[in-house]
Every structure is written in structure tokens, then in C-alpha cells.
Amino acid sequence: MPDLLTSVDLMLRGGACLLLVLVAVLLLRDHRRAQAARLGALFALSAAAFAVSSASALEGRLGIVAFPIEALTAGGNLAFWLFARALFDDGFRLRSWHGATWVLIVAVGLFEALALGPEMTPVAWAVRGFLVLESLGLGLLAAGQTLASWPADLVEPRRRVRPFVIGAAAGFIALNALSDVLGPRPASPDVGSLIQALALALIALAVAAALLQVTASGWLTPAASPASGLAHSVEPADQSLAAALDHAMSFDRAYRREGLTIGRLAEMLGAPEYRLRRLINQGLGHRNFNSYLNGYRIAEAKAALADRAQDATPILTIALDTGFNSLGPFNRAFRADTGVTPSDFRRATADSGIGQPDFKTGANATS
């Protein structure tokens with residue numbers, strides 16, 4: 001019976017590893033310029049390493065290969081969180097502190113895997129407690145951010161892939177946390193190890209299915225990004241909806257409404273939500289509804305800041321009037337659009353004598 005358990009355990013883990021490594025290779029081969037693809041490959045390799053490092057039958061038999069395998073395993077949770085951020089947030093960029101955090105987590109993981117024994121000393125409790133909290137925290141963060149940004153996502157293939165990512169997050173993080181809680185593995189596979197191997201195989205299938213769907217859709221490549229300069233055209237069937245949308249945004253300034261969602265905007269326009277999503281994404285070239293709204297908000301804010309008659313108006317008032325809920329998001333969106341802060345923009349326009357730019361409003365628009 002132990003031999004049968006060992007064979008099945010290794011077969012499941014081997015299949016999961018093969019599938020995950022294949023996914024990583026395909027991502028790097030076809031989309032290596034895309035940040036999400038590189039992070040996805042790192043996560044796939046981390047999951048494959050976890051399948052190997054958590055195998056009881058391979059305990060103590062990996063030799064020098066154990067070091068890179070344990071390092072990839074330890075950094076897997078952070079790799080997954082970064083992958084989810086890059087996949088669903090077009091504005092996400094890797095920072096130096098991401099790398100420093102990965103190094104710290106890997107160092108703690110290597111210490112736990114290669115230096116700590118089976119005894120649960122105070123140091124062992126502290127190290128394993130840190131790894132469990134890190135695992136659960138990053139998993140919840142990835143799932144929460146994936147859910148929170150779902151409604152505003154306009155890229156349909158990316159919307160469809162989110163359940164796979166959330167499911168993979170729950171499964172992989174739970175397995176990783178459980179492995180840290182249990183500590184050293186038994187000398188030979190047991191039923192628990194077999195269940196873990198089966199779960200890993202299912203997670204590998206989910207990740208592979210999700211990423212194949214992503215790569216088939218083509219939106220992962222840099223050419224599909226908003227900065228690619230691709231031309232967009234409105235379908236004839238959507239011309240009337242496009243005109244109504246332009247009027248609602250440019251003249252009625254619907255973007256000022258608090259809590260405006262794409263569902264509420266579709267109700268205002270009397271159109272199905274899926275048609276409005278398709279129009280803004282495929283016809284107008286926007287990938288995120290909030291970014292689409294912010295384009296109008298920032299344009300109005302720039303006009304107000306350049307208007308010398310409004311020099312005494314606080315920047316917070318301008319931010320709230322244009323539809324932002326607070327100053328922080330306004331400052332970030334403004335800086336992302338212009339490269340300067342609202343205060344610097346107001347000062348620069350005052351110094352250069354630039355007047356108020358053209359901006360259509362419901363009250364005084366000219367045609």
C-alpha cells in the first residue's frame with residue numbers, strides 16, 4: 001500500500017509540475033515582454049517547485065537542487081499576488097520594494113526549510129507563524145483586489161479569467177499555509193499527502209486553463225495595451241449609443257455623479273450593460289471604466305486649475321466637483337495623466353500665462 005501511495009503521489013505531482021513548467025515556458029516564449037506574463041511564469045514555476053518540495057517521497061533526496069526549489073517555493077505567495085496585480089491592473093508596475101520583500105520572504109522560507117528541525121522551538125514557532133500569516137495575507141489580498149477591480153474591468157476575456165485566478169489563489173495559498181502549519185513531512189506519503197497532490201494537479205489545470213484563455217485572447221501582449229496606439233472604431237450598430245454616451249459625459253457630465261458604475265450608466269442610457277462595455281472597450285479603446293471616467297474628470301480639473309478666475313478655489317474642492325471622492329485618488333490620477341501634481345500644474349499655467357483649455361460643458365459648450 002505505501003508503494004502504491006508513493007507512485008500515485010509522485011504521478012500527480014509530476015503531472016502538475018509538467019503542466020506548470022509548460023505554462024511558464026509558453027508565457028516566456030510568446031509574451032516575455034509583458035510584465036504579467038513574466039510574473040505568471042514565476043508563479044507557475046513557484047507552484048511547480050512547491051509540488052516537488054512538499055513531496056514526502058523526495059524528502060532529503062534533492063541534493064543541491066533543493067536550494068533553488070525551496071527558494072521558488074518560499075516566494076510563491078508573493079509571486080502570485082504580483083501576478084494577479086499585473087494581470088488585472090493596467091497601471092501596476094514593479095517597484096524595488098517588491099524585490100526586497102521577495103528576498104526577505106525567500107530568506108525566511110529557506111531558513112525554515114533547510115535550517116529548522118522537527119522540534120517546535122520558539123524560533124520555529126515564530127518562523128512558521130510568519131510564513132503562515134504571509135501566505136494567508138497575500139492570498140486574501142490577491143483575491144480581494146481581484147474581486148474589487150472586477151466591476152470596472154472592460155476587457156471581457158480578462159473578466160472571464162478572474163474566477164480561475166481566485167480559485168487558484170484559494171487553493172494554492174491554503175495548501176502552502178497548511179504545509180507551513182504541519183511543519184516537517186512524514187517519511188512516506190500518507191492520505192493527506194495524496195490529497196495535497198491531487199489538489200495541486202487541479203490547481204495546475206485551473207492555472208493552465210486560465211492562462212491559455214488569456215494568451216488566446218491576445219490582450220496580454222503589449223500591443224493590446226492602451227498605449228499601443230491601435231486604432232479603434234465604433235460599430236455601426238453602436239453609433240447611436242456612442243452619441244448618447246458622448247452627450248452624457250461631455251455635456252451632462254455624468255462622470256461627476258457619486259458612485260457611478262458602468263451598470264448605472266447603462267441604465268441612464270437605456271442600453272444593455274454588455275453593449276456599453278463593448279463600446280467603451282472595443283470602440284473607444286479603454287480597458288477600465290474608472291480610468292475612462294478619470295479621463296473626463298482630469299480634463300475638467302486641468303481646465304479649472306488653468307482658469308485664473310478659480311485661483312482661490314481649493315484643489316480639494318476641484319477634486320470633489322469633478323467626481324473624485326477624496327484628494328488622494330485625485331492626486332494620483334492627476335499625476336499619472338500629467339506627470340505633475342495639481343499644485344505644480346496650477347503654478348505652471350499661472351507662470352506661463354496659459355488660459356483655460358477648450359472643454360465642453362453642458363452650460364456653455366460651443367460647437
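Here the structure is a predicted model, which is why all the values come from computation and not from measurement.

### Considering the packing of aromatic side chains
- Taken as a whole and judged by the stated rule, the model has nine aromatic pairs.
- Taken together, a centroid distance of 5.5 Å and an interplanar angle of 80 degrees make the contact between Tyr292 and Tyr296 edge-to-face. Highlighted residues: Tyr292 and Tyr296, both in helix 12 (residues 289-306), separated by four residues, approximately one helical turn. Each member of the pair, Tyr292 as well as Tyr296, carries the same accessibility label: buried.
- Pairing Phe324 with Phe330 gives two aromatic rings, centres 5.2 Å apart and planes at 65 degrees, and the pair type is edge-to-face.
- Here a set of aromatic residues connected by ring pairs shows up, and it is made of Tyr255, Phe289, Tyr292 and Tyr296.
- Its end group placed over the ring of Phe88, Arg162 keeps NZ or CZ at 4.2 Å from the ring centre.
- Cation over ring: Arg297 sits above Phe324, and NZ or CZ is 5.5 Å from the ring centre.

### What about the pattern of salt bridges?
- Under the defined criterion, the tally for this structure stands at 13 salt bridges.
- Across the pair Asp337 and Lys302 runs a salt bridge whose closest N-O atoms are separated by 3.2 Å. Pair noted here: Asp337 is in helix 14 (residues 327-338) and Lys302 is in helix 12, with a separation of 35 residues, a long-range link.
- Overall, Asp337 belongs to the partly exposed group, its relative accessible area being 44%.
- One salt bridge connects Arg308 with Asp311, and the closest N-O pair in it is separated by 3.0 Å.
- Connected through shared salt-bridge partners, Asp90, Asp153, Arg158, Arg162 and Arg287 make up one network.

### As for the side chain of Glu112
- Here Glu112 lies in helix 5 (residues 96-114).
- Within polar-contact distance, the side chain of Glu112 engages the side chain of Arg128 at 3.0 Å.
- Dropping the residues within four chain positions of it, Glu112 is found in contact with Val127, Arg128 and Leu131.

### A closer look at unusual backbone geometry
- Located in the positive-phi region is Arg253, a residue other than glycine, with phi close to 50 degrees.
- The topology assignment puts Arg253 in the loop between helix 9 (239-250) and helix 10 (262-269).

### Let's talk about the confidence of the model for the protein
- When pLDDT is averaged along the protein, the result is 79; 78% of the residues meet or exceed 70.
- Across the protein, the element-wise mean pLDDT spans from 66 in helix 8 (residues 191-217) up to 93 in helix 10.
- This model gives residues 356-367 a pLDDT under 50, and the stretch forms 21 contacts once residues within four places in sequence are excluded.

### Topic: the nonpolar core
- If you look at the biggest cluster of nonpolar residues, it comprises 22 residues, and the most contacted ones within it are Leu245, Met249, Leu265, Leu276, Ile280, Phe289 and Tyr292.
- The set of elements that each furnish at least two residues to this core consists of helix 9, helix 10, helix 11 (273-283) and helix 12.
- Residue contributions to this core peak at five residues, all from helix 9.
- Leave out the neighbours within four places in its chain, and Phe289 touches Ala152, Leu154, Leu260, Thr261, Ile262, Leu265 and Ile280.
- Counting 19 residues, the second-largest nonpolar core is a separate cluster that includes Phe43, Trp81, Leu82 and Phe92.

Thresholds applied
Residues numbered from 1 in each chain as written. Predicted model: local features only at pLDDT ≥ 70, side-chain atom pairs only at ≥ 80, totals over all residues. Heavy atoms only, no water. Phe/Tyr/Trp six-rings, centres within 6.5 Å; stacked < 30°, edge-to-face > 60°. Helix = DSSP H or I, 4+ residues; strand = E, 2+ residues; numbered from the N terminus. Buried < 20%, exposed > 50% of the residue type's maximum accessible area, 1.4 Å probe, protein only. Lys NZ or Arg CZ within 6 Å of the ring centre and 35° of its normal. Salt bridge = Lys/Arg side-chain N within 4 Å of Asp/Glu carboxyl O. Polar contact = N/O pair within 3.5 Å; in protein donor to acceptor, adjacent residues only side chain to side chain. Contact = heavy atoms within 4.5 Å. pLDDT = per-residue confidence, 0-100. Core = buried A, V, L, I, M, F, W, Y, C linked by side-chain atoms within 4.5 Å.

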